[in-house]
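So you can see what is in the structure, the chains are spelled out below.
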Amino acid sequence: MAKVTIDGVEIEVANGTTILNAARQIGGDLVPPAMCYYSSLKDSGGKCRVCLVKVAQGSAKDPRPIPKLVASCRTPVADGMVVENLTSKDVLEARKGVVEFLLINHPLDCPVCDQAGECDLQNLAYEHGAEATRYEFERRTFDKIDIGDKIKLHMTRCILCYRCTFVANQLTDGRSHGVLNRGDHSEISTYIEKAIDNDFSGNMIDVCPVGALTDKTFRFKSRVWFTNPKDAHRDCKKCSGKVVLWTKGEEVLRVTARKDQYGEVKEFICNECRYDHKNISDWIVEGPRHIDRDSVISQNHYEKIDLQKLKKEVERQLEFQKGKQLPESTNGSMKV
Amino acid sequence: MGKHILFEHINIPGIENFSIYRKNGGYASVEKALKMTADQVIEEVKESGLRGRGGAGFPTGLKWSFLDRKSEKPRYLVCNADESEPGTFKDRYLMEKIPHLLIEGMITSSYALGAKTSFIYVRGEYMYVIRILEKAIQEAYDNGFLGKNILGSDFSHDLYVQPGGGAYICGEETALLESLEGKRGNPRLKPPFPAIAGLYACPTVVNNVESIAAVVPIINMTADKYNDMGIGKSTGTKIISASGHINKPGVYEIELGLPVEEFIYSDEYCGGIWKGRKLKAVVAGGSSVPILPAELILKNAKGEPRLMTYESLAEGGFVSGTMLGSGGFIVMDETTCIVRNTWTYARFYHHESCGQCSPCREGTGWMEKVLHRIEHGNGRMEDIDLLVDVAKKIEGNTICPLGDAAAWPVASAIRHFREEFEYHVRYPEKVKNPKHFELEPMVSYQVSVNS
């Protein structure tokens, strides 16, 4: 076991745990964001650099700080380590820079993007991005590609997190999906645009943090916040059969795997569940899906409101706003 | 005349052939090392104070001692001959002229490390060098210096040459290992370091060509004698590839501690600035190290003369210093446009970024475009601070040092030549011609405004 302190909160975790996972065990605001790390995909992480944190004390044995910021998703903790995330100005500055880098070549086509409303990049941009861009050059674009008959690859939106390539390598057999070219010309592609024909290929859509990989059976059908997510399951021979149905009335618009509070799928689903059972009668509906992350989807009160929880949140907000009242006008000229 | 230990025999005709190399004392270090224990050889290299010649200057002996010896996995030695830094061409010259020196170093070093197999990863553009090395390796096999039971000892060793695909990033040690394994050359996240899990997840040492070649004289002349050369922690000799606006561009072996001024102006080395012009700036260790103006490269901020050592060039940190780097010494005369030069470097790093992590993938392209705009007379004053900010946000936040290498030249050029960037913004019509400073030298614009 190793004792680490993250933003002043101490926790004891198993040896070998990464800083990010230790922070997730604490939970709350001090958890660094992650765009490329995916706990169920081996070797993922380290690439997007939004989870950078400062290690102010390396370990109890060697208290020297690590000179550079480290990727918290891939750096294991050491006993006595002191980590600064939100408490470090350097980290916030660097993260702001990384978000800006991720956005300069992103098309910002949220109004027509199917991922809008459940997009990690959108959330991150609201949280850390500036309101205007400093980048005035033509943005990078790619042609849209069909990966098989069910998945659309819109490379222009991609942030090169490599998650989908790990899905292709680890969940499906036969490696035909990878990265072509170099630098800012890098693109996700299949081997000479060969269609991916595999029972678990649809999980690429779920792991994609942005709108680069979208479900062709759902594209342009509805904004996600107009759909009603329900937990459901069916008896499936290939996968767990535990899914979320995104419905409008009686119509099932799409089927996805269930994501946890960090947007990660723990139980991947097969393509049969995803694409071939779009009748609500095929499923045993468990009830409304709770959307953990801050999202416009949860604003529609599809699930029963916990009044106690709501009251607590209002109180917290009031407490937070205390002493932040607007200054009173001094010369009275504001009176209308 | 400086002392040559790597290039001692380089001008002997036919030295690339085994018989002539052997006649001139070649492969003596293998014979000597095989009579020592492996630990004694490592100790000798440690004592010599040899520092990595690839750029970072990490002590070679220390790197060797990190190698995981408890592991039962095979150990590998990999020679990094993917020399692609703009301005650096020393390894090519060494491998081309005296290939047996590298092979001899590989055998001696492998013996010390207990590696049964080693690789020389050569830059793909150096195809003719690969042929020279392969011929030399065959000769070494034929003469019993490679293969089973070398010189009757129980040490067996196989050496392979692997051409790279022509990517600068594969000179980063973990990207090199990925490439050597046949994968896409993306740098790995560290830890684990190659000394624990390198090539095929086995303990691996990756060394530069010159570092491995330097093991030969260290064993031959003993660490004490090697130590006598150089100053302080910069021991021995260094091969410098000098290029740019000098009378005698070329590859020179210098004893560390040589004054920079002597290196640039003496007839033995660069022979002064060409066409009788004045020195403007120097990039002392390959394109990725900070550029320094003439007054700071000849003397440091304290007014002491700068020497060709790791410490002296770094004196003053990044505010007024630079790095010895890989020894790519680029000299610029007074007609050089620093903005254009910085843009050229930025273009290179944009082209060579692997695209794996966001700051480098996006930031290098951004810097290149802004620099292009300034150089071509379309810049704005705020662009200069934008560049500083972008460079700052790339530096230190990437997986591998390529991000730093891309950010440093831009940041340092603005630090030392800000006036010139402002001049480009202020007088766009004067910089439209690519050779603008050759046609009309830049005069300090404050003066020209006042007059």
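Note that the structure is predicted; figures quoted are calculated from it, not measured.

Procedures and definitions
- Within each chain, residues carry numbers counting from 1 in the order of the written sequence.
- Lettering of chains starts at A and numbering of ligands starts at 1, both following the order in which they are written.
- With pLDDT at 70 or above as the cut-off, local features in this predicted model cover only qualifying residues; side-chain atom pairs require 80 or more to be listed or tallied, and sums for whole chains, interfaces and linings still use all residues.
- Hydrogens are left out, water is left out, and the side-chain values use all remaining heavy atoms of the structure.
- Only DSSP runs of H or I with at least four residues qualify as helices, and only runs of E with at least two residues qualify as strands; both kinds are numbered from the N terminus onward.
- Restricting the calculation to C-alpha atoms gives the radius of gyration, and the globule rule supplies 2.2 Å times the number of residues raised to the power 0.38.
- Accessibility here uses a 1.4 Å probe with only protein chains present; expressed as a share of the type maximum, an area under 20% marks a residue as buried, one over 50% as exposed, and anything in between as partly exposed.
- Any two residues whose heavy atoms approach within 4.5 Å at even a single point are treated as in contact.
- Buried area counts how much accessible surface, traced with a 1.4 Å probe, disappears from two parts once they are put together, with both parts' losses summed.
- We define a salt bridge as a side-chain nitrogen of Lys or Arg found within 4 Å of a carboxyl oxygen belonging to Asp or Glu.
- Here a polar contact is taken to be a pair of N or O atoms separated by no more than 3.5 Å, where protein atoms must pair a possible hydrogen donor with a possible acceptor and residues adjacent in sequence count only if both atoms sit in side chains.
- An automatic or database domain assignment provides the domain bounds reported here.
- Only the contacting stretch of a helix is used when fitting its axis, a line to C-alpha atoms as for every element, and angles between N-to-C directions run 0 to 180 degrees.
- Comment on the angle field: the value is read as roughly parallel under 35 degrees, roughly antiparallel over 145, roughly perpendicular from 65 to 115, and oblique elsewhere.
- Polarity classes work like this: nonpolar for Ala, Val, Leu, Ile, Met, Phe, Trp, Tyr, Cys and Pro, charged for Asp, Glu, Lys and Arg, and polar for all others, with Gly in that last group.
- Two strands make a pair as long as DSSP finds a minimum of two bridges between them.
- One less than the residue count of a helix, multiplied by 1.5 Å, gives the span that helix is expected to have.
- If the strands point away from the viewer and the path from the first strand over the helix to the second runs clockwise, then the crossover is right-handed.
- Each aromatic pair joins two rings of Phe, Tyr and Trp (for Trp, the six-membered one) with centres within 6.5 Å, and gets the label stacked for planes under 30 degrees apart, edge-to-face for over 60, and tilted for any other angle.
- Should the NZ of a Lys or the CZ of an Arg lie within 6 Å of a ring centre and within 35 degrees of the ring normal, that charge is described as sitting over the ring.
- The predictor attaches a confidence to each residue, and that confidence, scored 0 to 100, is pLDDT.
- For cavity detection a 1 Å grid was placed over the protein atoms alone, and a set of points counts as a cavity when a 1.4 Å probe fits there but cannot get out; an open set counts as a pocket when protein lies on both sides within 12 Å along at least five of seven lines, with lining residues being those that have an atom within 4 Å of a point.
- Grid points are joined across faces, edges and corners, and a volume is the space filled by probe spheres set on the points.

1. Quick word on the overall build of chain B
Check the secondary structure of chain B and you find 19 helices and 11 strands. At 23 Å, chain B has a C-alpha radius of gyration in line with the 22 Å of a compact globule built from 451 residues. C-alpha atoms of chain B, sized along the principal axes, occupy 80 × 45 × 40 Å. The burial tally for chain B puts 62% of its 451 residues in the buried class. Put simply, of all contacts in chain B between residues at least 6 apart along the chain, 69% involve residues at least 24 apart.

2. Some remarks on the interface of chain B and chain A
At the interface, 35 residues of chain B touch 34 residues of chain A. Taken together, the two surfaces of chain B and chain A that pack against each other cover about 2,900 Å², and 50% of this comes from carbon and sulfur. Ranking the residues of chain B by area buried against chain A places B:Glu362, B:Trp366 and B:Lys393 at the top, with a combined share of 23%. On the surface where chain B and chain A come into contact, there are seven salt bridges. Here B:Lys393 makes a salt bridge to A:Glu93, at a shortest N to O gap of 3.9 Å. The tally of links from chain B across to chain A stands at 21 residue pairs in polar contact (both at pLDDT 80 or more).

3. Quick word on the side chain of B:Glu178
In this structure, B:Glu178 sits in helix 8 (residues 173-180). In this view, B:Glu178 contacts B:Lys183, B:Arg184, B:Gly185, B:Asn186 and B:Arg188; residues no more than four positions away in its chain are not counted.

4. Regarding the domain arrangement of chain A
Residue and element names in this part refer to chain A. In terms of domain boundaries, chain A breaks down into domain 1 (2-91), domain 2 (105-220) and domain 3 (222-309). Put simply, the middle of domain 1 and the middle of domain 2, counted by C-alpha atoms, are 27 Å apart. The interface is formed by 13 residues belonging to domain 1 together with 14 residues belonging to domain 2. For the pair domain 1 and domain 2, the summed buried area comes to about 1,100 Å², and 71% of that belongs to carbon and sulfur atoms. Area buried by domain 1 at its contact with domain 2 is led by Met-35, Leu-41 and Lys-47, which between them contribute 53% of it. Inspection of the domain 1/domain 2 interface yields zero salt bridges. For the pair domain 1 and domain 2, the number of links is four residue pairs in polar contact (both at pLDDT 80 or more).

5. A few points about the packing of helix 6 (residues 99-113) of chain B against helix 9 (residues 209-228) of chain B
When two helices pack together, you describe them by how their axes are tilted relative to each other and by the distance separating the axes. Residue and element names in this part refer to chain B. Contact pair helix 6 / helix 9: the axes reach a minimum separation of 8 Å and the direction vectors enclose 75°. One finds that helix 6 runs roughly perpendicular with respect to helix 9. Note on element contacts: helix 9 touches helix 6 through Val-209, Ile-212, Ala-213, Val-215, Val-216, Ile-219 and Asn-220, opposite Leu-101, Leu-102, Glu-104, Gly-105, Met-106, Thr-108 and Ser-109. Here the contact of helix 6 with helix 9 is built from residues that sort into nine nonpolar, four polar and one charged.

6. Quick look at the pattern of salt bridges
Across all of its chains, the model carries 52 salt bridges over all chains by this definition. A:Arg140 is the salt-bridge partner of B:Glu362, the closest N and O atoms lying 3.0 Å from each other. One end of the pair, B:Glu362, is in helix 15 (residues 358-375); the other, A:Arg140, is in the loop between helix 3 (120-128) and strand 6 (145-147), on a second chain. You can call B:Glu362 buried: its relative accessible area is 3%. Between B:Lys280 and B:Glu420 there is a salt bridge, and its shortest N-O distance comes to 2.9 Å. With B:Lys280 in strand 9 (residues 279-283) and B:Glu420 in helix 17 (residues 402-426), the pair connects residues that are 140 residues apart, well separated along the chain. A relative accessible area of 3% means that B:Glu420 is categorised as buried.

7. As for the domain arrangement of chain B
Residues and elements named next belong to chain B. In terms of domains, chain B is made up of domain 1 (18-228), domain 2 (234-333) and domain 3 (338-450). Measuring from the centre of the C-alpha atoms in domain 2 to the corresponding centre in domain 3 gives 22 Å. Contact with domain 2, which involves 17 residues of that partner, is made by 15 residues of domain 3. The contact between domain 2 and domain 3 buries some 1,300 Å² in all, and 65% of this surface belongs to carbon and sulfur atoms. It is Lys-280, Ile-291 and Phe-318 that lose the most area in domain 2 upon contact with domain 3, and together they represent 38% of the buried surface on that side.

8. Focus on the sheet that holds strand 7 (residues 237-244) of chain B
Residues and elements named next belong to chain B. Overall, mixed pairing links the five strands, which are arranged 8-7-11-9-10 in an open sheet. The sheet is open, and its two borders are formed by strand 8 (250-255) and strand 10 (291-293), each paired with just one other strand. If you compare each strand with its neighbour and ignore which way they point, the axes differ by 30° on average. Both strand 9 and strand 10 contribute to a ladder of three bridges, which runs antiparallel. Residue pairing for strand 10: Val-282 is matched across the bridge by Leu-292. The strands that helix 14 (residues 338-352) touches are strand 9, strand 10 and strand 11 (328-333); relative to strand 11, the one it contacts most, it runs at about 150°.

9. Observations concerning helix 6 of chain B
Residues and elements named next belong to chain B. If you check helix 6, its first and last C-alpha atoms are 21 Å apart, about what 15 residues at 1.5 Å a residue would give, namely 21 Å. When you tally the buried positions in helix 6, you get 15 out of 15 residues, the bulk of the element. Trailing helix 6 by a residue or two, Gly-114 shows a phi angle of about 75°, which is positive.

10. Considering the pairing of strand 3 (residues 158-163) of chain B
Residue and element names in this part refer to chain B. Pairing analysis gives six bridges linking strand 2 (residues 117-122) to strand 3, with the strands arranged parallel. Following the sheet pairing, Phe-119 is matched in strand 3 by Tyr-160. In this fold, strand 2 hands off to helix 7 (residues 127-142), which returns the chain to strand 3; that crossover is right-handed.

11. So, the packing of aromatic side chains
All names here are of chain B. Evaluation of the coordinates by the stated rule reveals 25 aromatic pairs over all chains. Both rings, one in Phe-58 and one in Phe-66, keep their centres 6.2 Å apart while their planes meet at 40°; by these two values the pair is tilted. Residue classification places Phe-58 among the partly exposed positions, given a relative accessible area of 39%. Between Lys-275 and the ring centre of Trp-274, over which it is positioned, the NZ or CZ distance is 4.3 Å.

12. Some thoughts on the environment of B:Glu304
Residues and elements named next belong to chain B. Among the secondary structure elements, Glu-304 is positioned in the loop between helix 11 (294-298) and helix 12 (310-314). With 126 residues separating them in the primary sequence, Glu-304 and Lys-430 have C-alpha atoms 37 Å apart. Dropping the residues within four chain positions of it, Glu-304 is found in contact with Leu-298 and Lys-299.

13. Things to note about the confidence of the model for chain A
Across chain A, the average pLDDT comes to 88, with 90% of residues at or above 70. Low pLDDT, under 50, characterises residues 326-336 of chain A; the stretch is placed with one contact to residues that sit more than four places away or in other chains.

14. Structural notes on the pairing of strand 1 (residues 2-6) of chain A
Looking down a regular strand, the side chains alternate between one sheet face and the other. Residue and element names in this part refer to chain A. Of all five residues in strand 1, four are buried, a share of seventy percent or more. As paired strands, strand 1 and strand 2 (residues 9-13) are joined by five bridges and run antiparallel to one another. Following the sheet pairing, Ile-6 is matched in strand 2 by Val-9. With antiparallel pairing between neighbouring strands as the criterion, strand 1 and strand 2 make up a hairpin whose turn holds two residues, including Asp-7 at a positive phi of roughly 50°. One ladder, built from three bridges, connects strand 1 with strand 5 (residues 81-84); its direction is parallel. Across the sheet, residue Val-4 finds its bridge partner in strand 5, namely Met-81.

15. Observations regarding empty space enclosed by the protein
Residue and element names in this part refer to chain A. Applying the stated criterion across every chain yields a total of six cavities of 30 Å³ or more. In this structure, the largest cavity occupies an estimated 450 Å³ of space. The wall of the largest cavity is formed by 33 residues, among which Glu-118, Trp-246, Arg-254, Lys-259 and Ile-297 lie closest to the centre. Listing elements by their share of the lining of the largest cavity, those giving two or more residues are helix 3, helix 5 (203-207), strand 10 (213-215), strand 12 (242-248) and strand 13 (251-256). Within the lining of the largest cavity, the residues separate by chemical class into 12 nonpolar, eight polar and 13 charged. Summarising the domain contributions, the lining of the largest cavity has at least three residues from each of domain 2 (105-220) and domain 3 (222-309). Every residue lining the second largest cavity is counted, 15 residues in all, and those nearest its centre are Cys-158, Cys-161, Cys-164, Cys-208 and Leu-213. In the lining of the second largest cavity, the residues fall into 14 nonpolar, no polar and one charged.

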